[in-house]
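The residues making up each chain are set out below.
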Amino acid sequence: MTAGDAGSGNAAGSPPGGPAGGHRPRIVDAHGHLGRWHAFAIPDGSAAGLIAMMDRCGVATACVSHLLAVGPDARAGNALLLDELAAHPGRLLGYAVYNPHDPEAAPRLRDLLGVPGVVGVKLHPEVHELALDHPAYTPAFEAAADHGRIVLAHGQHGSPYSGVRHFTAVAPRHPEVPLLMGHSGLFPAGYAQAAEAAARCPSLILETCGSRMTARHLVRLVAETGAHRIAFGSDAVFLDLRTGLGRVLLADLDEPDREQILHGTMDALLAGSRP
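To keep things clear, this report deals only with the structure shown in the data block. Everything numeric here is computed off the predicted structure, so don't read it as measured data.

1. Quick word on helix H1 (residues 47-57)
By the burial criterion, the buried members of H1 are Ala 47, Leu 50, Ile 51, Met 53, Met 54, Asp 55 and Cys 57. For H1, the secondary structure elements touched by its buried residues are strand E1 (28-34), strand E2 (61-66), helix H3 (74-87), strand E3 (92-97) and helix H10 (241-249). Looking one or two residues past H1, Gly 58 carries a phi angle of roughly 80°, positive in sign.

If you want it as structure tokens, here you go:
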């Protein structure tokens with residue numbers, strides 16, 4: 001499954017152009033969600049609402065996990081995700097959430113990774129209160145390797161569970177698995193460390209979403225890391241897709257770098273995701 005399976009356009013037309021106007025890049029969102037979160041205001045967590053916003057912004061494809069799965073019930077949330085993937089083929093691609101505390105998580109994950117439209121694994125060490133480099137996550141990385149899938153993990157500078165050091169510890173253990181660092185460390189103090197980690201770990205890809213990321217931060221990450229190591233993510237529906245997309249469209253970037261971030265990096269990762 002690739003982002004290209006969704007087509008080169010979308011139901012509502014092309015996305016808004018970058019600062020130069022005219023050319024309108026295709027957009028793939030590497031980090032999105034469906035559902036609700038108990039401690040955060042989400043006006044509309046539905047797939048229909050997300051796709052309507054994607055159409056408005058010109059996003060061809062969003063790679064999503066279900067917040068119910070990230071939170072209290074991975075099994076039920078992953079089941080809801082599969083329903084939405086089947087209802088919106090190509091427009092939504094899925095990350096199956098792996099709960100390291102569930103003794104049946106490993107075989108269930110392997111089954112999920114065989115479902116059409118499931119392109120990767122979502123890990124959230126903060127929610128599960130277990131460090132990303134803990135052995136309990138090893139079955140998730142092994143399943144991703146065996147199925148040729150991506151792993152997206154929440155990254156948070158200074159965290160005892162998902163700091164940059166946890167990514168640099170686990171990535172070399174599974175060099176064949178593309179590992180997306182969600183939020184690139186989340187806090188500005190961690191962005192430079194995230195860039196250094198990507199330079200040391202060839203399988204590590206940075207991702208742009210987060211309420212603290214700005215266009216200037218993004219420009220610096222590109223200068224330090226290269227656009228080919230960065231993927232656009234919005235964190236919708238948790239955050240507003242328009243905010244995350246706007247910082248990429250309006251950043252002072254060369255157009256080839258902008259397009260690489262908006263779709264090129266994820267195109268390459270998804271092309272390597274075996275059916």
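That covers the picture; the talk isn't over yet.
2. Here's the deal with the packing of H1 against H10
Close contact between H1 and H10 brings their axes to 10 Å; oriented N to C, the two are set at 30°. Of the possible angle classes, the one that applies to H1 and H10 is roughly parallel. Our pair here, H1 against H10, has a crossing hand that is right-handed. Taken together, the residues of H10 that come into contact with H1 (itself represented by Leu 50, Met 53, Met 54, Arg 56 and Cys 57) are Leu 241, Arg 242 and Leu 245. Of the residues belonging to the contact of H1 with H10, the class tally is six nonpolar, no polar and two charged.

3. Here we look at unusual backbone geometry
One can expect most non-glycine residues to show negative phi and most peptide bonds to be in trans. Put simply, Ala 236 and Val 237 share a cis peptide bond, and its omega is 5°. Relative to the assigned elements, Val 237 resides in the loop between strand E8 (230-231) and H10. Positive phi, close to 75°, is recorded for His 183, a residue that is not glycine. Mapped onto the secondary structure, His 183 falls in the loop between strand E6 (179-182) and helix H8 (188-200).

4. Here's the deal with the pairing of E3
In terms of residue burial, E3 counts as a mostly covered element, since six of its six residues are buried. On E3, burial covers both faces: Leu 92, Gly 94 and Ala 96 on one face and Leu 93, Tyr 95 and Val 97 on the other are all buried. Relative to E3, E2 is paired through three bridges, and the arrangement is parallel. Among the inter-strand pairings, Val 64 is bridged to a residue of E3, identified as Gly 94. In this sheet, strand E4 (residues 118-123) lies alongside E3 in parallel orientation, the contact comprising four bridges. By the bridge assignment, Ala 96 is partnered in E4 with Val 121. The β-α-β motif built from E3, the intervening helix H4 (residues 105-113) and the parallel element E4 has right-handed crossover chirality.

5. Focus: the sheet that holds E3
Pairing is parallel across the open sheet formed by eight strands, whose spatial order is E1-E2-E3-E4-E5-E6-E7-E8. Two strands in the sheet have a free side with no partner beyond their single neighbour: E1 and E8. Direction of pairing for strand E5 (residues 150-154) relative to E6: parallel, over a ladder of four bridges. In the strand pairing of E6, His 154 is matched with Gly 182. This element, H8, spans E6 and strand E7 (204-207) of the sheet and lies at about 150° to E7.

6. Some details on the nonpolar core
By size, the foremost hydrophobic cluster in this structure holds 71 residues, and its most contacted members are Leu 92 and Leu 123. Counting residues per element, this core draws most heavily on H1, which supplies six residues. Dropping the residues within four chain positions of it, Leu 92 is found in contact with Leu 34, Ala 47, Leu 50, Ile 51, Met 54, Ala 62, Val 64, Glu 84 and Leu 85. Counting residues in hydrophobic clusters, the runner-up holds 14 residues, among them Val 28, Leu 93, Val 119 and Leu 180.

7. Concerning the side chain of Arg 258
Structurally, Arg 258 can be placed in helix H11 (residues 255-271). Exposure remark for Arg 258: the relative accessible area of 1% places this residue in the buried category. Here Leu 249 takes part through its backbone oxygen, which lies 3.0 Å from a polar atom of the side chain of Arg 258.

Reading the values: rules and limits
- Residues numbered from 1 in each chain as written.
- Predicted model: local features only at pLDDT ≥ 70, side-chain atom pairs only at ≥ 80, totals over all residues.
- Heavy atoms only, no water.
- Buried < 20%, exposed > 50% of the residue type's maximum accessible area, 1.4 Å probe, protein only.
- Helix = DSSP H or I, 4+ residues; strand = E, 2+ residues; numbered from the N terminus.
- Contact = heavy atoms within 4.5 Å.
- Axes fitted to C-alpha atoms, helices over the stretch in contact; angles between N-to-C directions.
- Parallel < 35°, antiparallel > 145°, perpendicular 65-115°, else oblique.
- Left-handed = near helix turned anticlockwise from the far one by under 90°.
- Nonpolar A, V, L, I, M, F, W, Y, C, P; charged D, E, K, R; others polar.
- Pairing = 2+ DSSP bridges.
- Right-handed = clockwise from strand over helix to strand, strands pointing away.
- Core = buried A, V, L, I, M, F, W, Y, C linked by side-chain atoms within 4.5 Å.
- Polar contact = N/O pair within 3.5 Å; in protein donor to acceptor, adjacent residues only side chain to side chain.

Function-wise, these values are silent; they only describe arrangement.
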